[in-house]
Amino acid sequence: MRALVQYVLKPITLIGALNWGLVGLFKFNLVEWLFGPMSITSRAIYVAVGIAAVVWILLWIFGTRSCACHIEHHD
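The structure contained in this document is the topic of the report that follows. (Residues numbered from 1 in each chain as written. Predicted model: local features only at pLDDT ≥ 70, side-chain atom pairs only at ≥ 80, totals over all residues. Heavy atoms only, no water.)

1. Quick word on the packing of aromatic side chains
Stage number 1. Enumeration over the complete set of coordinates arrives at one aromatic pair.
Stage number 2. With centroids separated by 5.8 Å and ring planes inclined at 55 degrees, the aromatic side chains of Phe-28 and Trp-33 adopt a geometry described as tilted.
Stage number 3. Accessibility expressed as a relative area gives 31% for Phe-28, which makes it partly exposed. (Phe/Tyr/Trp six-rings, centres within 6.5 Å; stacked < 30°, edge-to-face > 60°. Buried < 20%, exposed > 50% of the residue type's maximum accessible area, 1.4 Å probe, protein only.)

Structure below.
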């Protein structure tokens, strides 16, 4: 699970966060600039960022419980 988070979710989430930061600050969409507006590649990147966000949310919700249970057993 740690490898999924470190090597897949973090980079995808950082790409999405960077892109939204650029859009918010400068009205510059890096993904569209690199791959074209709503090209197949751009859409794939947007979908990957969205899926990464959903997985982060699920890990946050359900991962917290398992971590809390794990900590309780060691105290």
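Past the structure itself, the notes keep going.
2. Description of the environment of Ile-45
Stage number 1. Inspection of the secondary structure assignment puts Ile-45 in helix H3 (residues 40-74).
Stage number 2. Through-space distance from the C-alpha of Ile-45 to that of Val-31 is 7.8 Å; in sequence the pair is 14 residues apart.
Stage number 3. Excluding its chain neighbours within four sequence positions, the residues that come into contact with Ile-45 are Ile-15, Val-31 and Phe-35. (Helix = DSSP H or I, 4+ residues; strand = E, 2+ residues; numbered from the N terminus. Contact = heavy atoms within 4.5 Å.)

3. Quick look at helix H1 (residues 2-26)
Stage number 1. With 25 residues, H1 should cover 36 Å at 1.5 Å per step; its first-to-last C-alpha distance of 34 Å lies within 8% of that length.
Stage number 2. Along H1, the sharpest kink reaches roughly 35 degrees, centred on Leu-9 and followed within four residues by the proline Pro-11.
Stage number 3. Taken together, the buried positions of H1 are occupied by Val-5, Leu-9, Gly-16, Asn-19 and Leu-22.
Stage number 4. Remark: Lys-27 follows H1 within two positions and exhibits a positive phi of approximately 55 degrees. (Expected span 1.5 Å × (residues − 1). Bend = angle between axes of the 7 residues up to and from the residue.)

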